[in-house]
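In case you want the letters, here they are:
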Amino acid sequence: MHTVVERELELKLVLSPERSIPVPARLTYRTEDPYAVHVAFHIGSDYPVHWTFARDLLVEGVFRPCGHGDVRIWPTKVDRRNVIFVALSSPDGNALLEVPSAAVAAWVERTLRVVPPGTEAERLGIDEGLAELLAPLPADDLWLRDPWPSDESQDGEA
């Protein structure tokens, strides 16, 4: 059985130190994709903007700065509020998002209860998938038997 942990929240797209705009978003965690966090940003277009990155990155980013390249996350305070900044970079542009720390921390905690750290690989079913792939089929018996009698067969053997 697969479980989905979701959270709707409002982020702030930081345009300058004095100005930001609200951006509704949905955080999604799926147990069938246990290493990833999915974020859908609803920016007023026909389709939301989707980002996917490692759950471990968000877990660490709740406590300390982490990441490099496309996704960087760090906790801080803004006007005495605990927030998390998420910096996203792509060929289409960059975005700095301010996220309520308590809401993200609570959501991350829910994902960790559903799939504890270190147990993600068990959710992928790799061992079961390999066993199914490598399991002999009834037709394999044809390949395992010699279909032609050997020239060295004994008298009376076919």
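Data block above holds the structure.
Residues numbered from 1 in each chain as written. Predicted model: local features only at pLDDT ≥ 70, side-chain atom pairs only at ≥ 80, totals over all residues. Heavy atoms only, no water.

**Q** Explain the pairing of strand S3 (residues 36-41) to me, and be specific about the residues and the numbers.
**A** Taking burial as the measure, the six residues of S3 include six buried ones, the bulk of the element. Examined bridge by bridge, strand S2 (residues 19-30) and S3 share four bridges and lie antiparallel to one another. The partner of threonine 28 across the bridge, within S3, is histidine 38. Linking S2 to S3, which pair antiparallel, is a turn of five residues. When S3 meets strand S4 (residues 49-54), the two strands line up antiparallel, connected through six bridges. Note that in S4 the partner of histidine 38 across the bridge is threonine 52. (Buried < 20%, exposed > 50% of the residue type's maximum accessible area, 1.4 Å probe, protein only. Helix = DSSP H or I, 4+ residues; strand = E, 2+ residues; numbered from the N terminus. Pairing = 2+ DSSP bridges.)

**Q** Can you explain the pattern of salt bridges? Please cite residues and give values.
**A** Throughout the structure, instances matching the rule amount to six salt bridges. Its salt-bridge partner being glutamate 6, residue arginine 26 comes within 3.9 Å of it at the nearest N-O pair. Pair noted here: arginine 26 is in strand S2 and glutamate 6 is in strand S1 (residues 4-16), with a separation of 20 residues, a long-range link. Accessibility expressed as a relative area gives 29% for arginine 26, which makes it partly exposed. A network of salt bridges, in which partner residues are shared, links Glu6, Glu8 and Arg26. (Salt bridge = Lys/Arg side-chain N within 4 Å of Asp/Glu carboxyl O.)

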